Amino acid sequence: MRKKIVAGNWKMNNTFEEADDLLFELAESINDLELENQEIIVCPPAIYLEMSTDVGIENGFSVGSQNCSNQQAGAYTGEISAAMIKSLEVKYCLVGHSERRKYNHETHEELAQKVEQLLSNDVSPIFCCGEALEERQAEKHFEIVKAQINDSLFGFSKEEMLNIVVAYEPVWAIGTGVTASSAQAQEMHAFIRSLLSEKYGQDIADEISILYGGSCNPKNAKELFSQADVDGGLIGGASLKADDFLAIIKSF
Ligand code: PGA
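J.: So what about the overall build of the protein chain? Which residues, and what values?
T.: Counting its secondary structure elements, the protein chain contains twelve helices and eight strands. Each of the three principal axes of the protein chain carries a C-alpha extent, and together these read 45 × 45 × 35 Å. Split into buried and exposed, the 252 residues of the protein chain put 54% on the buried side. Taking the intrachain contacts of the protein chain between residues at least 6 apart in sequence as the baseline, contacts between residues at least 24 apart amount to 71%. When the accessible area of the protein chain is evaluated, it comes to approximately 11700 Å², of which 47% is carbon and sulfur surface. Counting 20 positive and 40 negative side-chain charges, the protein chain places the averaged centre of each group 5 Å from the other.

In structure tokens:
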């Protein structure tokens, strides 16, 4: 049975003290939860990965990096490698978040290279995809998401694919307060699963968790997570407040 996942993407937020406070607030509450087939992931800025894994391992949550280099090692100032991430016991890494596609001009090919670096270091990529508002208005959303998945993920084997999580994040819903309706989310998640099934077979497609991201909050999480192909959420703003993040975790 595929895993239910709630992942918090802190983005570029929190000073050291704020990060420390939030981690300990989360730790206290998550420790008390009885989680069945559910994983909680915290993706802090890279500078806090080590302290996050220290707290997470003791208290029942996993840690993800927000990014990694598409190169193995060497003269790439400012970058962090998949091997470094792995060496801190970080289990996940976001790949292709729309903010990085936009501001860092990440291409489908570079994202495939990042996925490859992560898989070869035994870190699970959380691959983000999703269309912009104009693309949805032009009814190109299926085409866009298909190209993103095809060009960055479909070079990998079945075994590799089983270690990848997909996150559908319509760009128009990220940080805007406008959430996709549960019907829109379900429609796209079912489409993504059908792409995975065509390429890798239904058995593999049924094992891959597909998360929804974009203004997910304690009010709408239950409705979104109740959809057949929505296996959890990638949470931005609402992951910065322990109470909100906890309420979302409890929405299954
Ligand atoms: P949001 O961000 O929940 O603040 O919309 C989601 C994301 O960017 O992963």
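J.: Just give me the short version of a negative patch on the surface, but keep the residues and values in it.
T.: Side chains of Glu-17, Glu-18, Asp-21, Glu-25, Glu-28, Asp-32 and Asp-243 sit close together on the surface and give a patch of like negative charge. Considering every element that reaches the negative patch, the biggest residue donor is helix α1 (residues 16-31), with five residues. Mapped onto the elements of the fold, Asp-32 is located in the loop between α1 and β2 (38-43). Judged by its relative accessible area of 64%, Asp-32 falls in the exposed class.

J.: Run through the state of the cysteines, naming residues and quoting values.
T.: Overall, the coordinates contain zero disulfides when judged by the stated rule. Of all cysteine sulfurs in the structure, the one in Cys-68 sits closest to Cys-93, which takes part in no disulfide; the separation is 4.2 Å. The buried category is assigned to Cys-93, whose relative accessible area is 0%. The structure places no disulfide on Cys-128, whose sulfur is separated from the nearest cysteine sulfur, that of Cys-129, by 7.6 Å. Given a relative accessible area of 1%, Cys-128 falls into the buried group.

J.: Describe unusual backbone geometry, and please don't skip the residues or the numbers.
T.: The phi dihedral of Asp-122 falls on the positive side, at around 65°, and the residue is not glycine. Structurally, the position occupied by Asp-122 is in the loop between α5 (108-120) and β5 (124-129). For Asp-122, a relative accessible area of 56% corresponds to the exposed category. The backbone of Glu-139 sits at a positive phi, close to 55°, despite the residue not being glycine. Within the fold, Glu-139 resides in the loop between α6 (133-137) and α7 (141-153). Note on Glu-139: relative accessible area 66%, which makes it exposed.

J.: Give a detailed account of the sheet that holds strand β7 (residues 210-213), specifying residues and quantitative values.
T.: Taken together, eight strands build a closed barrel; the order of strands is β1-β2-β3-β4-β5-β6-β7-β8 and the barrel is parallel. Taking each pair of neighbouring strands and ignoring which way they run, the sheet shows an average axis angle of 25°. One ladder, built from two bridges, connects strand β3 (residues 62-65) with strand β4 (residues 92-95); its direction is parallel. Bridge pairing in β4 links Ser-65 to Cys-93. Packing against the sheet, helix α9 (residues 182-200) makes contact with β5, β6 (165-168) and β7, and its axis sits at approximately 145° to β7.

J.: Could you give an account of the environment of Ile-204, naming the residues involved and the relevant values?
T.: The topology assignment puts Ile-204 in helix α10 (residues 202-207). By relative accessible area, Ile-204 is classed as buried at 12%. Taking C-alpha positions, Ile-204 is 29 Å from Asn-220, a pair spaced 16 residues apart along the chain. Setting aside residues up to four positions removed in sequence, Ile-204 forms contacts with Lys-158 and Leu-162.

J.: For the packing of aromatic side chains, give the residues involved together with the corresponding values.
T.: Counted according to the given criterion, the structure contains five aromatic pairs. Here Phe-225 and Phe-252 contribute two aromatic rings whose centre-to-centre distance is 4.7 Å and whose plane-to-plane angle is 20°, an arrangement assigned as stacked. Of this pair, Phe-225 sits in helix α11 (residues 221-225) while Phe-252 sits in the segment after α12 (242-249); the two residues are 27 residues apart in sequence, bridging distant segments of the chain. Judged by its relative accessible area of 5%, Phe-225 falls in the buried class. Residue Phe-252 is classed as partly exposed on the basis of its relative accessible area of 34%.

Cut-off values and rules
- Residues numbered from 1 in each chain as written.
- Predicted model: local features only at pLDDT ≥ 70, side-chain atom pairs only at ≥ 80, totals over all residues.
- Heavy atoms only, no water.
- Helix = DSSP H or I, 4+ residues; strand = E, 2+ residues; numbered from the N terminus.
- Buried < 20%, exposed > 50% of the residue type's maximum accessible area, 1.4 Å probe, protein only.
- Contact = heavy atoms within 4.5 Å.
- Areas by Shrake-Rupley, 256 points an atom, 1.4 Å probe, with all protein chains shown as cover.
- Lys, Arg positive; Asp, Glu negative; His and termini not counted.
- Charge placed at Lys NZ, Arg CZ, Asp CG, Glu CD.
- Patch = residues over 30% accessible without salt bridge, like charges linked within 9 Å, V, L, I, M, F, W, Y side chains within 5 Å.
- Salt bridge = Lys/Arg side-chain N within 4 Å of Asp/Glu carboxyl O.
- Disulfide = S-S within 2.5 Å.
- Pairing = 2+ DSSP bridges.
- Axes fitted to C-alpha atoms, helices over the stretch in contact; angles between N-to-C directions.
- Phe/Tyr/Trp six-rings, centres within 6.5 Å; stacked < 30°, edge-to-face > 60°.

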